[in-house]
Structures are given as structure tokens and as C-alpha cells.
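# A look at the structure
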2 protein chains.
Amino acid sequence: MGKLIRVNMSRLVVSEEPVPKEYELLGGRALTSRLVFDEVPPTCHPLGPENKLVFAPGLLSGTLAPSSGRLSVGGKSPLTGGIKEANAGGVSSQLLANLGIKAIVVEGKPAEKGPYLLHLSPKGAELVEAKELAGLGTYEVTARLRMKYGEKVGVICIGPAGEMLMASAGVTNNDPDGNSSRYAGRGGLGAVMGSKGLKAIVIDSPSVFNAPVKEPERFRAAAKKFTEILLAHPVTGQGLPAYGTNVLMNIISEAGALPTRNFQRGSFEKAADISGEKLAETAVARGGKATHACHPGCVMRCSNVYPTKDGEICAPIEYETAWALGAHLENGDLDIVAKLNILCNDIGLDTIETGGTLGVAMEAGLIPFGDGAGAIRLVEEIRQGTPLGRILGQGADFTGRAFGVTKVATVKGQHMPAYDPRAAKGIGVTYATSTMGADHTAGYSIASNILGSGGKVDPLKPEGQVALSRNLQVATAAVDSTGLCLFVAFALLDNPAGLPTVVEMINAQYGTELTVDDVTKYGQEVLKIEREFNRRAGFTPAHDRLPAWMKTEPLPPHNTVFDVSDEELDQVFDFEKADTGEKAAGGT
Amino acid sequence: MGKLIRVNMSRLVVSEEPVPKEYELLGGRALTSRLVFDEVPPTCHPLGPENKLVFAPGLLSGTLAPSSGRLSVGGKSPLTGGIKEANAGGVSSQLLANLGIKAIVVEGKPAEKGPYLLHLSPKGAELVEAKELAGLGTYEVTARLRMKYGEKVGVICIGPAGEMLMASAGVTNNDPDGNSSRYAGRGGLGAVMGSKGLKAIVIDSPSVFNAPVKEPERFRAAAKKFTEILLAHPVTGQGLPAYGTNVLMNIISEAGALPTRNFQRGSFEKAADISGEKLAETAVARGGKATHACHPGCVMRCSNVYPTKDGEICAPIEYETAWALGAHLENGDLDIVAKLNILCNDIGLDTIETGGTLGVAMEAGLIPFGDGAGAIRLVEEIRQGTPLGRILGQGADFTGRAFGVTKVATVKGQHMPAYDPRAAKGIGVTYATSTMGADHTAGYSIASNILGSGGKVDPLKPEGQVALSRNLQVATAAVDSTGLCLFVAFALLDNPAGLPTVVEMINAQYGTELTVDDVTKYGQEVLKIEREFNRRAGFTPAHDRLPAWMKTEPLPPHNTVFDVSDEELDQVFDFEKADTGEKAAGGT
């Protein structure tokens, strides 16, 4: 069932293989992490021929399962030095699944840079030279390839940042309108793609929802039920469709956990100016869209289309980006956020890492906080590959080192997203211990710390955060393997029928009889191999820590520090302890 | 016996403490590493207030023991992230010992940058502001301070590189002529000093050889005997005094182990042009000196005074520097080497790391190999702190990342010195496993691999290298604690009377009854705490490895790769195994 496409960039040869039996029930993150674990030497250079770049649609991608179009991209990260999976919406995951492709494995390194393009269609897979795309931004690349191959194709590509092997470079693909803005952004996988000389992948599939399903009727019923569950939940059915992810801006600022001016305080007086509410109002007034689906069949439609005052289109502005390029830089101008976002998308940069980096550059005094025009200039330097751009493109840690800034909010070399762990301590546990470096999506404790989903754990106290993060990290590893958007987790946390319905969809599609308990084991297994890869790559408990200054510098307005103890952090992956009921002893 | 000076840079207060009993028999590296182990949190930021910078003269420094003027500098390294000890000749070690100072511990971090100056004299220790020294090169700083405090003072200082917190920045001190060129260069300790806001230390002592000795007559006899032993050995008595360390250039090139053009081949056709022989001839012809002592009482006198054709003085040019700024860059012009060396000394840069970095910059195509004028321009960029200079000043790994070069010869982030481990495999074991990152001085296997000292182990074969490196690393850790120059090791390896005479000097000075066996335990103990610090900082066996490309890319002319197995590398610190006779089973 399904095939594996192997792209050898040393020999410039593409081959197809049947999917090995033991990979059959792996999808998305479970499959990328397993392939990386099985095939990549943990101590290899992330940009050398031994690293591999793996693309895998989720288990449910390409079916009628709602909101199941996430594409996982994996490899050894040039940013963290550990295993990496980053996933994105957009049209590619569904198209790959409809071509019967379980995974693409890109390996080796070409003698000549190329770049090259991989073309996938029902006729097969073909690798061609694409020198004409060298150095182009992702918007231009996507437009040209949709022009050439048709508007229905999916285009996965990198920008100049990836070609220049920058550790902030992401891998993007387009939404149904052709916006090249759905990023597997984190961890520098765009640089891995660049190191392989691969500029783009075109996916040409005649269908979107026809991935093989063993029991179609049973599947349809489960998918319908899951759609209803999503639409019935206040977050997935109302909040996200109305204001997108940026509905969080005011909430997190009010909670005092919005990192402002490079983590100097926890709320931003101009939060409302860059909030989802303001975004929706402005977008609609300018002829854009307050709600929008990043791939066919998404019922949460949390994306948006924001026209700037100059008439450029940014689609979408996400909360994390509005924070990284807004509050973090003390910038309260949504048009500046949009302009920086467009630049990052086009150059091929992760907005979280780039925003983090600009904050460090401001901390270093290169430009003042709040200087939007200066920030735009700096991002343009990245595109040009000037020496300063080469520094900034390598991320926040690198920039901190270059300019002697020690106050840098990174874990395992990756910059923190939009929640300060001193005022939302569960997310601090996730940042510290995730196999991915600082990553909110790896175990979104904000749900229970602030949003009231899945129970309530006081965000300002250390108690219960480890159990909370552990359970979420396990669940997330499983969800990331299905192709379902992580936002379904709100419904899974609060509606007891949620998880059984997901399991029912998987069973109907694959003819299996998995139980809800199997999902926990599945997630644990993913984390175990990721942890083991990292251990072999040289990671130890000493790396599962937040920067030391977060333990001593209090964050206004709550004036709390991060005080989950090292001993507790070291228990996050103690799954047996978790299984025997520590959860009850921890949070509520 | 002796005192410890504690300099708190947060409060700008200096205090004196008696030396704790358990530190009494520790000196040099044993003392800096022990203080770092006892007082520095292993996971702290190397440039944050929790790191400490420790200066310690050796056990025998400041006495009549010949060639005993090495000063150890220790801390957590901003380059490797691990523990670091770098030692240097020059006058400071003896002067500190004559003031009764066992160690200086610089801690904390000032609110205002300063910089500050620490003045030490028989009247006590004083910390004063020295804004007038900010940004100055080390030559100017040393000249001004010798003008102000007298020509007999020792000046320890950093250049602009250290002030800019660059990871290639070293800590220098002057020779008896006032040349500020005796560098504790490796591992970025200059940046640690810069982070503390400390620009210079002036050591004003009325005497040089009067450090307290418990049994003076016994000591004098042993010192005399040790002098005779050194003078009788062909390396320490003839080779080094005649041509200095650069006597190695032709030898290592002929052995095929001279890394040339960024480790592309093992011999350099212009080696003779930058050799010790050529250096001596040119120096003497221009009115310089072929032999010169870096501190009073050195009998090996391996230093030199090289006037460039433009009349600038470089004192000295060492082999490692002539390689890093010569063969490594395919530069066969000794005047270019000297000019680059002078710049590095003045800016405050480690010549090995800087040469390594220039090789990476050439590999990246910033300038061509062999472009001496271009290399000078790049080093000037470091002084100016331009964005490009900020990249280069952070070292070879950093520069490789910025420009996408994966062929970088580093271990634990520190660049390799002047021996290619593919053609001198014992030094590869030392590079891979040393607590210090790639460092030839940590276990100079070249002695037995190429120079025929201490037996003979075939440099091209993997057999016997682990035992060789282990024994040398243990012995070196002990020698580095005495204040004796590491070059005495040639005599210790070949003359059975050598080590007992060193032990006799220590016993006479401290009133102890140590045996030769105690020296091995002493060295092992130093390595154990350094390893333990690194383990707590997050190091694992995965970090005890050479770059992967050295295992697959053969080095001409021998066309060998580095093939000591990972399993063997992991046995280097298995001292019990070593004690039970693995040596016999290994090399000869």
C-alpha cells in the first residue's frame, strides 16, 4: 500500500520502492522520524551527503478526513543538530497521498549545485535541472511552476535562504490560491533541501480526496462525525474560523505571557493593534479575507488574506508571526508585520526564528526596538547574502554570538515562539525537553495553562507542568503522524468522542483494529526514537534546559521566573511513571 | 602558603583569601581546572556572570627551576562550550608566584563595561577604571602600561577581539622585551576576560626567582640537574634553541602530515620558504634573533625575533602560526605570515583559530588560496568589527556555518593545529578526545609518531595510537600543572632521570614526598575533573570524534584516512585498563 520515492542527488537518480511492511502504519512525523532514525547517522553534518530530507503526508491525508492536509518534513536539523520534523498545511500532502506516495527520501549531494526540480505525477517521478530557478524567491518559483504545470499542482520549494544554507531557512508549499506561504518552517530544513541542490518539487495529481481507503462507508461516517465534533467546539468551530490563530494576541498579552521587546516583559500595550480582531477588520475592509482554508477540506479555516496598505497580499498572518515580527520587536504596526512576513515567505525564512533574530539584533543595538523600516532592511540583507545577512540568516543564537548578546531565548539552538515560559510554565517544559528544540507545537501546554482546554493548570506555578507537557507531547507526536492539523487537539482534549473517532477513521482506512490506548503507545514510540537519535547525536539532560537567565530574571507583570526544577524536567520522558498515574498527582 | 585573589566584577571589589588546604599542591592547569570545576556551573553561558576566569602560575613557577614560567588561564570556553585551560610563556607566571599569588579568580560581570585594570604589587591588589585603554591593541596597551608602571612589570591583556567577545580571542602577556605575544590563545578565553570588562592585569613584583621554597639547597641541586638534562637532549638542547618550534615545518611536510590548503594535502611545496631554517637565516640577516627566551630562566630559548622587510618586529613566529597563516592558506611568504601574526597579536586573536578560519574563508571563495593581501584585509575586518569581521572573529566553525562550508577541521568547535590526523593518527586521537577540543598540546603524539621521542608508533596505522595519546594526555595534564614548558616532555620521554628530577624539585619546594607514580595519578585526576565538567556541560562520546570527512577523504601523499575506530576512541580515558598494561598491547 503506497510507495516510497527515493531521490539520490549524488547520482541524480530517482527510484520507487514499495513501502516496507514495518512502515505501513507510519505516516507524517512517525514516518519521517523513523526514516531519519533508520537511515541518517546521528553525528553526520546536517548539510553533508549523509543527511536525508524526508517528506511524508499524514496517515489520513488525501482522504475526506477533515483538516487532514498536514505535510511532515524531516531530517537532521542544521539549527539544533538534532532530529527535526516540521509540518505544514497547504495542498501538497493531499496531492502526494493521492499519488500513492507515502514518503519522499532525498539523499546524497550533487557534484554540481544545480539546482534541480523533482516532478511527480501519475506517470512517475522525474528529476530535472532547473538552473533558471536559482536564487529566485518562493513566490516567483511557485508562480512560474504553476504557470508551467497548471494551477492545480502543489509546489514545494525553498527560497534563496535555503540555497545559501541558512539555518533559519524553511520549506514552503502553496495553498489552493497559489500563495507560497505554508511553511514547514522550523529547524532549517530549507538549508538541508538547499544542500541537496533541490529547489522545488512539483506534485501533479488528478485527485485530492481519493487516497485508498479499505472500508469507505465506515470511513465516511467517521469523517462526518469528526467534522461535527470540530464544528461543535468553540475554538475549532468558532474562534479559529473567525479570527485565525491571531485570536491569541490579546489573550496571551492579557495573561502576561506575551514576550515583548525580546522577552523583557509579558504584555504589549499595542497588542490590540496587531491582534486577530484588528487583522480581520482590516483585511475585510481592504477586500481581503478574515477566514480561509490552507488546504481543501479544512473546516477550521484559520488562515486569512491580508492586503497591506500598499496592496501587497500576505496570506496568512499567523499569531506566531504577528508576535515574532510584532510584539517581540515592539512593533505595533500590522502592515510592517505583513511586509516582513511577505519578505520571509519569499526569501524562504522561518518567521519565528527570523523574528527572534531581529529581536537579538535590536538587543545588540544594530537598530532600535520598534524600528520597522530597519527590520525590513535587515531582512533584505539576508536575501542579498551580505555578511550581515549571513549572520542573521543563521538564526538567533548565531546572531547573539556574533554580536555578544547573551540574552537569547533559545533551546537547543532554536528560538522560542510566542509564549514566555516564565508566565506559562507548561510551555517552558515543552520548550526545554522537546526533541525539536523550543517549539510550542510539540506540546501545546497553553491549552490548559491559559485557554482552559483539557483542564486547568495554573500557568504561574511549577506544579503539574511536567505531567501536562508530557501528555501533550505524546498526544502531539501521534496527531502529527495523522496529517490532522494540531488544532484538532482542542476538540480531542474536551470531547471524549474525539479521539475514538480519529482512531475509527484510521481503522476504516487501513483495516486495522487500533484502540485509543494504542494512540498513546504510538506517540510514545515516536518520541522514543527521536530521543534516541538525539542521544546518539550527543544530546544529554544538560540540553533539556531553558537559558539560565530565565531562572533569575523575573518577567513583568507577574514577576515570576521559570522554576520547574531540573529534576522534574528530567522526568518528562519517564513514560512508565506517567502510565502509573503521576498525572493525578500533578495538575488537575 | 600563597594566596588567592578574588576579583568580583559585579561589585568591583578585590579580596584576598588564603589558599584552601586542598588546593595547596595544585598549580597551573590542575588549579585552574579544579577552581572552574568547583565554582562554575557547567551549563552556564560562557560570557555570562556565572563563568569565571582563573589565572594560575605553575607549581614551580617563580623559582630557579629552568623553563618553568608557564601561566595557566582557565574558564568555560565560549568556543568549545567545555572546560578550558590555555597556557603561555612570558613573564607573568613568575611575577605572580613571586607575589605569593597561587591564583586570580575573576568572577561576575560589571553593570558598565569599563573596561577595568587590575594592579597587583606587594602592596596589594587594586581594581581601577581604564577607559583610556578601551579598544586598543595589545601592543599599545602593553607599551602604555610598561611606560606607566615600569619595564619590569608583567602585563596580561586582551585586544579588541576580546572586548568584542569573539570566540577566537586569546589572553596575552609580554616577554622580557615587552613584546605582547605570549598567548594563552585557545578557546576564546580573551572573550571571557572581555565579558568581565577586564582589559589588563599589571603585575609588579620586585623579584622573579624568589617564590618560597622549603628546602632551598635540595631544590637548587635538583634544578641544576634538570637544567643539565634539558641541555643534553637533542631537541631541548639543540633543535629548539637553533630554530625554535618552526624546526618542524620541513619535518612535518616531509612526513606528509602538514595540512596544506585547508587540509587538501599533507605536504607543502613551499614549506622550506616558511621553515625555521629560513626564519633563522632571515631574522639574523635583518638584525633579529634566531633564539630568544620568552621568560627569564628558560634554557630552551625557542622563541625568536623576526623583523619583517618593512621593519616591523614579530617576536616570535611559532611553528603553529607559520603553518596556520602559511601552509594552511597556501601562503609561502614568511613576511606575510609575520604581518598576519603581528595583526593577530595586536587584535588579540589566537593564530591557530584565525588561520583555520582564513582557510575556511578561502574554501568559501571569499578570497583565493594564497592571497596574502586578501588575508590581511580580512584580519583587519576583525579588528574593525564589521559584520564580516564578526563572523571571522568567531572562528572556523562559525565561519563555515555562515558561508555553507562543511569541510571544516574542528573538534568540539575548536580548529585543529598543524598536523593532519590522517597522516599522524596519534594526534587525531588527542584532537578527538581531549577535554580541550582539537589541541596538539593536550597529548603531543607527534613525538612518537614522527619525531622518534618516547618510542616509535607508526603514524599511518591506527594501532597503538589510543594508548600513546592516553599516556601523553595524562603526562601533559601533570606537566601543565608545574609551570614547566611542555617541551621538557622530550627530555622526560627519553631520559629516565627526567621525571624523578621534576618530582624532586616539587618535593624540595613543597616539603612533600611525592613519587613518580603520584605524577600519573595527578595527571589522571586533572583529566577526570575536566571530563566530568564537560559531561555535566552536555558532552558525550559523540563529541569525541573527528569531522566525518576525515574518515572518507584520503590525504595525499599517503592517501590515508583517519581509521581509529569509535570504540577505541571511547577507551582513551579508561585509565584502569591503561594501568593494567594495555600500553604493551598497543604501540611499542
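Structure report, in brief. Each residue is numbered by its place in its chain's sequence as written, counting from 1. Just so you know, chain letters begin at A and ligand numbers begin at 1, following the order they were written in. Side-chain atom pairs in this predicted model are given and counted only at pLDDT of 80 or more, local residue features only at pLDDT of at least 70, and totals for whole chains, interfaces and linings cover all residues. As a rule here, side-chain values cover all heavy atoms of the structure and leave hydrogens and water aside.

## Examining the overall build of chain A
- Each helix is a run of H or I in the DSSP string that is no shorter than four residues. Each strand is a run of E no shorter than two, and both are numbered from the N terminus. For chain A, the count of helices and strands is 23 helices and 17 strands.
- Viewed in the frame of its principal axes, chain A has a C-alpha envelope of about 60 × 55 × 50 Å.
- Expressed as a percentage of its 588 residues, the buried residues of chain A come to 66%.
- Whether two residues are in contact is decided by their heavy atoms: any pair within 4.5 Å suffices. Counting contacts in chain A only where the partners sit at least 6 residues apart, residues at least 24 apart contribute 71% of the total.
- In this tally Asp and Glu are treated as negative and Lys and Arg as positive; neither His nor the chain ends contributes. For charged residues, the charge sits on one atom: NZ in Lys, CZ in Arg, CG in Asp, CD in Glu. Here chain A contributes 57 positively and 66 negatively charged side chains, and the mean placements of these two sets differ by 2 Å. The rule is simple: take the accessible area with a 1.4 Å probe, protein chains only, and divide by the maximum for that residue type; under 20% is buried, over 50% is exposed, in between is partly exposed.

## A closer look at the pairing of strand β12 (residues 198-203) of chain A
Residues and elements named next belong to chain A.
- By the criterion of burial, β12 is predominantly enclosed, with six of the six residues buried.
- Strand pairing is defined by DSSP finding a minimum of two bridges between the two strands. Two elements, strand β7 (residues 116-121) and β12, share five bridges in a ladder whose sense is parallel. By the bridge assignment, Tyr 116 is partnered in β12 with Leu 198.
- Pairing of strand β9 (residues 154-157) with β12 involves four bridges; the strand directions are antiparallel. Note that in β12 the partner of Gly 154 across the bridge is Ile 203.

## Some words on the interface of chain A and chain B
- Listed per partner, the contact involves 28 residues of chain A and 28 residues of chain B.
- Here the buried area means the combined drop in accessible surface, using a 1.4 Å probe, for two parts upon being joined, counting both sides. Between chain A and chain B, roughly 2200 Å² of surface is buried when both sides are summed, and carbon and sulfur atoms account for 62% of that area.
- Contact with chain B buries surface across chain A, with Phe398(A), Arg401(A) and Thr406(A) losing the most and accounting together for 28% of the total.
- Each reported salt bridge corresponds to a side-chain nitrogen of Lys or Arg within 4 Å of a carboxyl oxygen of Asp or Glu. Counting across the interface, chain A meets chain B through zero salt bridges.
- Here a polar contact is taken to be a pair of N or O atoms separated by no more than 3.5 Å, where protein atoms must pair a possible hydrogen donor with a possible acceptor and residues adjacent in sequence count only if both atoms sit in side chains. At the boundary of chain A and chain B, one finds four residue pairs in polar contact (both at pLDDT 80 or more).
- When contributions to the side of chain A that touches chain B are tallied by element, the ones reaching two or more residues are α14 (387-392), α15 (396-403) and α21 (516-537) of chain A.
- Charged means Asp, Glu, Lys or Arg here, nonpolar means Ala, Val, Leu, Ile, Met, Phe, Trp, Tyr, Cys or Pro, and polar covers whatever is left, Gly included. Residue composition of the side of chain A that touches chain B, by class: 15 nonpolar, eight polar and five charged.

## Notes on the nonpolar core
- What we call a nonpolar core is a set of buried Ala, Val, Leu, Ile, Met, Phe, Trp, Tyr and Cys residues that are connected through their side-chain atoms within 4.5 Å. Grouped together as the largest cluster of nonpolar side chains are 204 residues, with contacts concentrated most on Trp323(A), Tyr419(A), Trp323(B) and Tyr419(B).
- Beyond its immediate chain neighbours, meaning those up to four positions away, Trp323(B) contacts Met249(B), Leu258(B), Pro259(B), Phe263(B), His328(B), Ile352(B), His415(B), Met416(B), Pro417(B) and Ala418(B).

## Some details on the packing of helix α12 (residues 351-363) of chain B against helix α13 (residues 372-384) of chain B
Residue and element names in this part refer to chain B.
- Inter-axis angles, ranging from 0 to 180 degrees, are taken between N-to-C directions of lines fitted to C-alpha atoms, where helices are fitted over the stretch in contact. Following both chains from N to C, one finds α12 and α13 inclined at 115°, their axes separated by 11 Å at the closest point. Between α12 and α13 lies a crossing of right-handed hand. When α12 is examined against α13, the residues Thr 354, Leu 358, Ala 361 and Met 362 are found in contact with a partner set consisting of Ala 375, Leu 378, Val 379 and Ile 382. Crossing handedness is defined as follows: a turn of the near helix away from the far one that is anticlockwise and smaller than a right angle gives a left-handed crossing, while the clockwise case is right-handed.

## Focus on the relation of the copies chain A and chain B
- Each copy is superposed on the other by least squares, with the fit set by C-alpha atoms of residues at a pLDDT of at least 70 in both. Take chain A, turn it by 180°, move it 0.0 Å along the axis, and it overlays chain B with an RMSD of 0.0 Å. Between the two chains, the operation in question is that of a two-fold axis. Within chain A, the C-alpha atom positioned nearest to the axis of rotation is that of Pro387(A), 2.8 Å from it.
- Residue by residue, 100% of the interface of chain A is reproduced at the interface of chain B, so both copies engage with the same surface.

## Description of the sheet that holds strand β3 (residues 53-57) of chain A
All names here are of chain A.
- In spatial order, the strands read β2-β1-β6-β3-β4-β5; together these six strands make up an open sheet with mixed pairing. In this open sheet, the two edge strands, each paired with only one partner strand, are β2 (13-18) and β5 (83-88). The mean angle between the axes of side-by-side strands here comes to 20°, regardless of whether they run parallel or antiparallel.
- As paired strands, strand β1 (residues 3-8) and β2 are joined by six bridges and run antiparallel to one another. Bridge pairing in β2 places Ile 5 opposite Glu 16.

## So, the packing of aromatic side chains
- In this analysis, rings of Phe, Tyr and Trp, with Trp reduced to its six-membered ring, are considered paired at centre separations within 6.5 Å, and the interplanar angle assigns stacked below 30 degrees, edge-to-face beyond 60, and tilted for intermediate values. Taken as a whole and judged by the stated rule, the model has eleven aromatic pairs over all chains.
- Here the aromatic rings of Phe398(A) and Phe398(B) are separated by 3.6 Å at their centres, their planes lie at 0°, and the arrangement is stacked. On the criterion of chain membership, the pair formed by Phe398(A) in helix α15 and Phe398(B) in helix α15 (residues 396-403) is interchain, its members lying in two chains.
- Residue classification places Phe398(B) among the buried positions, given a relative accessible area of 3%.
- Ring centres of Phe573(A) and Phe575(A) lie 6.1 Å apart, and the angle between their planes is 80°; this geometry places the pair in the edge-to-face category. Phe575(A) carries the same exposure label as Phe573(A), and that label is buried.
- An aromatic cluster is defined as three or more aromatic residues linked by ring pairs; in this entry it consists of Tyr319(A), Tyr419(A), Tyr444(A) and Phe490(A).

## Section: empty space enclosed by the protein
All names here are of chain A.
- For cavity detection a 1 Å grid was placed over the protein atoms alone, and a set of points counts as a cavity when a 1.4 Å probe fits there but cannot get out; an open set counts as a pocket when protein lies on both sides within 12 Å along at least five of seven lines, with lining residues being those that have an atom within 4 Å of a point. Grid points are joined across faces, edges and corners, and a volume is the space filled by probe spheres set on the points. Taken as a whole and assessed by the stated rule, the structure comprises four cavities of 30 Å³ or more.
- Its volume calculated, the largest cavity comes out at about 210 Å³.
- Forming the walls of the largest cavity are 16 residues, and the residues nearest its centre are Ala 97, Lys 102, Pro 212, Gln 509 and Tyr 510.
- Listed by contribution, the elements that provide at least two residues to the lining of the largest cavity are β6 (101-107) and α20 (498-510).
- Of the residues that constitute the lining of the largest cavity, the class distribution is eight nonpolar, six polar and two charged.

## Side note on the sheet that holds strand β15 (residues 313-314) of chain B
All names here are of chain B.
- The strand order across the open sheet formed by three strands is β13-β14-β15, and the pairing between neighbours is antiparallel. Among the strands making up the open sheet, the edge pair consists of β13 (289-292) and β15.
- Bridge analysis of β13 against strand β14 (residues 303-307) gives two bridges, and the strand direction is antiparallel. Across the sheet, the residue bridging to His 292 is Ser 303, located in β14.
- In the packing of helix α9 (residues 276-285) onto the sheet, the strands contacted are β13 and β14, and the crossing angle to β14 comes to about 55°.

## Some words on the pattern of salt bridges
All names here are of chain A.
- Across all of its chains, the model carries 78 salt bridges over all chains by this definition.
- A salt bridge links Lys 3 to Glu 16; its shortest N-O distance comes to 3.8 Å. Here Lys 3 is found in strand β1, whereas its partner Glu 16 is found in strand β2, with 13 residues between them in sequence.
- In this structure Lys 3 comes out as partly exposed when scored by relative accessible area, which is 22%.

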